[in-house]
Amino acid sequence: MEGWERRDERSGQEKLLRDRALAFMIALSLLVLCFAAMRESLLSLWLHDRLAFDAHTIGLVFTVNGLAIAVVQFTLTGRLANRFGEMTTLRIGIACYGLSWLGLVLAQDLSLVLVAIAVNALGTALFGTSLQTLVSLRSPATVRGAVMGLYQSSSSLARFLGAAFSGTLFGQLGANVPFSIGAAAMLPALAITFAIAA
């Protein structure tokens, strides 16, 4: 049984290397989730440093973020995907990420932060669900488990890299630099989605 599992894993890796669209999807996951992890790891520090928010207000921001993600996933994600398709909702999610990080850079008070966080929550829900669905649909049933495992591994790597470099960017280059770079990085991310669809 273990031999079959290893063979399926090797087959999934070979399939990923041969399939241009799947390779682009993995690259997209690495790019976007790296900056998403950067935002997650820095947000509380950024809120205190830039806007002098106390622990209660920072907790409120994270509460809104979690609640907004849950609401979007339960009410909007499926409907938007059914109406426009996963590729369109994927692009909307990427655009929301970029706009939310730009919004944080420009935010001067709690109200603007909450708007940016709500937009980020929409991006989180749409991007993650849409990309995972596209990877699954692209993978043949015989190697789907192995390919999805590789996709999840790439997501974990992206989160590690984002968290690892977030402090350096924040401390050495400035509080807004990670979000500014992240917002700019969503432009090539959008370009990758068109390469996937080509």
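Criteria and thresholds
Residues numbered from 1 in each chain as written. Predicted model: local features only at pLDDT ≥ 70, side-chain atom pairs only at ≥ 80, totals over all residues. Heavy atoms only, no water. Helix = DSSP H or I, 4+ residues; strand = E, 2+ residues; numbered from the N terminus. Expected span 1.5 Å × (residues − 1). Bend = angle between axes of the 7 residues up to and from the residue. Buried < 20%, exposed > 50% of the residue type's maximum accessible area, 1.4 Å probe, protein only. Phe/Tyr/Trp six-rings, centres within 6.5 Å; stacked < 30°, edge-to-face > 60°. Lys NZ or Arg CZ within 6 Å of the ring centre and 35° of its normal. Salt bridge = Lys/Arg side-chain N within 4 Å of Asp/Glu carboxyl O. Contact = heavy atoms within 4.5 Å. Disulfide = S-S within 2.5 Å.

1. Remarks on helix H7 (residues 144-173)
- For H7, built from 30 residues, the straight-helix expectation of 44 Å at 1.5 Å per residue is met to within 8% by its first-to-last C-alpha distance of 42 Å.
- Phe165 marks the point of greatest bend in H7, at about 30°.
- For H7, the full list of buried residues reads Ala146, Val147, Met148, Tyr151, Ser154, Ser155, Ala158, Gly162, Ser166, Leu169 and Phe170.
- Just downstream of H7 lies Gly174, where phi reads positive at about 130°.

2. Structural notes on the packing of aromatic side chains
- Per the counting criterion, the structure on display carries three aromatic pairs.
- Ring centres 5.5 Å apart and planes at 65° place the aromatic pair Trp46 and Phe179 in the edge-to-face group. Placement of Trp46 in helix H2 (residues 20-51) and of Phe179 in helix H8 (residues 177-197) is noted, with a sequence separation of 133 residues between them. Residues Trp46 and Phe179 agree in their burial class; the two are buried.
- Between Tyr97 and Phe127, the aromatic rings sit 5.9 Å apart at their centres with planes inclined by 65°, giving edge-to-face as the arrangement. Separated by 30 residues along the polypeptide, Tyr97 in helix H5 (residues 86-106) and Phe127 in helix H6 (residues 110-138) bring together distant segments of the chain.
- Grouped by ring-pair contacts, the aromatic residues Tyr97, Trp101 and Phe127 constitute a single cluster.
- The ring of Phe194 carries the charged tip of Arg91 above its face, separated from the ring centre by 3.9 Å.

3. A word on the pattern of salt bridges
- Enumeration according to the criterion identifies two salt bridges in this entry.
- Arg138 is paired through a salt bridge with Asp19; the nearest N and O atoms lie 3.0 Å apart. Of this pair, Arg138 sits in helix H6 while Asp19 sits in the loop between helix H1 (2-18) and H2, and the two are 119 residues apart along the sequence.
- Asp19 sits in the buried class, given a relative accessible area of 7%.
- Across the salt bridge formed by Glu40 and Arg159, the nearest N and O atoms sit 3.3 Å from each other. Highlighted residues: Glu40 in helix H2 and Arg159 in helix H7, separated in sequence by 119 residues.
- Relative accessible area serves as the criterion here: at 36%, Arg159 is assigned to the partly exposed category.

4. Considerations on the environment of Phe127
- By relative accessible area, which is 1% here, Phe127 ends up buried.
- Along the backbone, Phe127 and Tyr97 are 30 residues apart, and their C-alpha atoms lie at a distance of 8.8 Å.
- If near-sequence neighbours (up to four positions away) are discounted, Phe127 is found in contact with Leu28, Ser29, Val32, Leu33, Leu90, Gly93, Ile94 and Tyr97.

5. A word on unusual backbone geometry
- Within the chain, Ala52 stands out as a residue other than glycine whose phi angle is a positive 60°.
- Relative to the helices and strands, Ala52 resides in the loop between H2 and helix H3 (55-75).
- Residue classification places Ala52 among the exposed residues on the basis of a relative accessible area of 61%.

6. So, the side chain of Asn65
- The residue Asn65 is located in helix H3 in this model.
- Asn65 gets classed as buried once you look at its relative accessible area, which sits at 10%.
- Contacts of Asn65, omitting those with residues within four sequence positions, involve Arg39, Ile117, Asn120 and Ala121.

7. Description of the state of the cysteines
- Within the structure shown, the criterion is met by zero disulfides.
- In this structure Cys34 is a free cysteine whose sulfur lies 20 Å from that of Cys96, the closest cysteine sulfur available.
- On the basis of relative accessibility, which here comes to 15%, the residue Cys34 falls in the buried class.

8. Considerations on the environment of Ala189
- If you trace the backbone, Ala189 turns up in helix H8.
- Taking the C-alpha atoms as reference, Ala189 lies 10.0 Å from Met25; in sequence the two are 164 residues apart.
- Look past the residues within four positions of Ala189 in its chain and what remains in contact with it is Leu28, Leu31, Val32 and Ile94.

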